[in-house]
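A look at the structure
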Amino acid sequence: MSHVPGTPADLLRSLTRAERLLSRRLGAILADDAISIEAWRVLCLLADGQGHPMSEVSAEASLPPGTLTKLVDQLVDRNLVFRRIDPIDRRRIRAYLTARGRREHARLDERVRASIAELGITEMGVAETSEPGTPPAANLVRQLDDLIDRLDPARQRVHADAAGPHR
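Computed from a predicted model, the values in this text were never measured in an experiment. (Residues numbered from 1 in each chain as written. Predicted model: local features only at pLDDT ≥ 70, side-chain atom pairs only at ≥ 80, totals over all residues. Heavy atoms only, no water.)

We now examine the nonpolar core. Core analysis: the biggest nonpolar cluster contains 25 residues, and Ile-35, Val-42, Leu-75 and Val-81 have the highest contact counts within it. Looking at this core, the elements with two or more residues in it are helix 1 (8-31), helix 2 (37-46), helix 3 (54-60), helix 4 (65-77), strand 3 (93-97) and helix 5 (99-118). Considering each element in turn, this core owes the most residues, 7 residues, to helix 2. In contact with Val-81, not counting residues within four places along its chain, are Leu-43, Leu-46, Val-72, Leu-75, Val-76, Ala-95, Tyr-96, Leu-97 and Thr-98. (Core = buried A, V, L, I, M, F, W, Y, C linked by side-chain atoms within 4.5 Å. Buried < 20%, exposed > 50% of the residue type's maximum accessible area, 1.4 Å probe, protein only. Helix = DSSP H or I, 4+ residues; strand = E, 2+ residues; numbered from the N terminus. Contact = heavy atoms within 4.5 Å.)

Here you go:
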């Protein structure tokens, strides 16, 4: 590995280390309720109340479809999630939070946010690319999402499709 700060190897190492340490920290919080990091990702995605196709949940939770199915089965058994046939495309299944799932997500989200706040992320210096008035943590997430968009061909296609046809 290079000893020059700011190299691609440094970026990869830092992002990997940060993800592992944050997952470990949040995993300890969620373990009290027997919720895994993967289950937390699913609950967070479904918390918007829109319901999401299982294929989208699989991609966003970074889980293969078979693993996701088993995880969602467990969340269904705990009355946190339910599944319905997509009303537009009856070949697809959409997942939603139950009322209990929404309450559990809100309760756990409060604990997770408090733990993240202890890290001082909200007090970090604002980067030059930050939008005025936006909390630094939100800017960090935005910058990481931008990086993901540039690295993930599937997300590039989704954003291109959303932008509509080019003239």
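With that settled, consider the confidence of the model for the chain. Here the chain averages 83 in pLDDT, and 79% of its residues register 70 or above. For residues 123-129, every residue scores under 50 in pLDDT, and the model assigns this stretch 7 contacts once sequence neighbours within four places are set aside. (pLDDT = per-residue confidence, 0-100.)

This part takes up the pattern of salt bridges. Oppositely charged side chains can form a pair if their charged atoms are brought close together. Scanning all chains against the criterion turns up 11 salt bridges. Of the charged contacts in the structure, one is a salt bridge between Arg-13 and Asp-10, with a shortest N-O distance of 3.7 Å. Note that Arg-13 and Asp-10 are positioned in helix 1 at a spacing of 3 residues, about one turn of the helix. The closest approach of N and O atoms between Arg-25 and Glu-118, which form a salt bridge, is 2.9 Å. With Arg-25 in helix 1 and Glu-118 in helix 5, the pair connects residues that are 93 residues apart, well separated along the chain. In this structure Arg-25 comes out as partly exposed when scored by relative accessible area, which is 30%. (Salt bridge = Lys/Arg side-chain N within 4 Å of Asp/Glu carboxyl O.)

What follows covers empty space enclosed by the protein. By the definition in use, this model includes 1 cavity of 30 Å³ or more. There is about 30 Å³ of room inside the largest cavity. Forming the walls of the largest cavity are Ile-35, Leu-43, Arg-78, Leu-80, Arg-100, Glu-104 and Leu-108. The dominant element in the lining of the largest cavity, judged by the number of residues it contributes, is helix 5, at 3 residues. Class assignment of the residues belonging to the lining of the largest cavity gives a composition of 4 nonpolar, no polar and 3 charged. (1 Å grid on protein atoms, 1.4 Å probe; cavity = no way out; pocket = protein on both sides within 12 Å on 5 of 7 lines; lining within 4 Å. Points joined across faces, edges and corners; volume = space filled by probe spheres on them. Nonpolar A, V, L, I, M, F, W, Y, C, P; charged D, E, K, R; others polar.)

On the basis of which strands lie adjacent, the open sheet formed by 3 strands has the order 1-3-2 and antiparallel pairing. Here the strands that pair on one side only, and so sit at the sheet edges, are strand 1 (52-53) and strand 2 (81-85). For strand 2 and strand 3, the ladder comprises 5 bridges, and the chain directions are antiparallel. Among the inter-strand pairings, Val-81 is bridged to a residue of strand 3, identified as Leu-97. Seen against the sheet, helix 2 touches strand 1, strand 2 and strand 3 and runs at an angle of roughly 90° to strand 3. (Pairing = 2+ DSSP bridges. Axes fitted to C-alpha atoms, helices over the stretch in contact; angles between N-to-C directions.)

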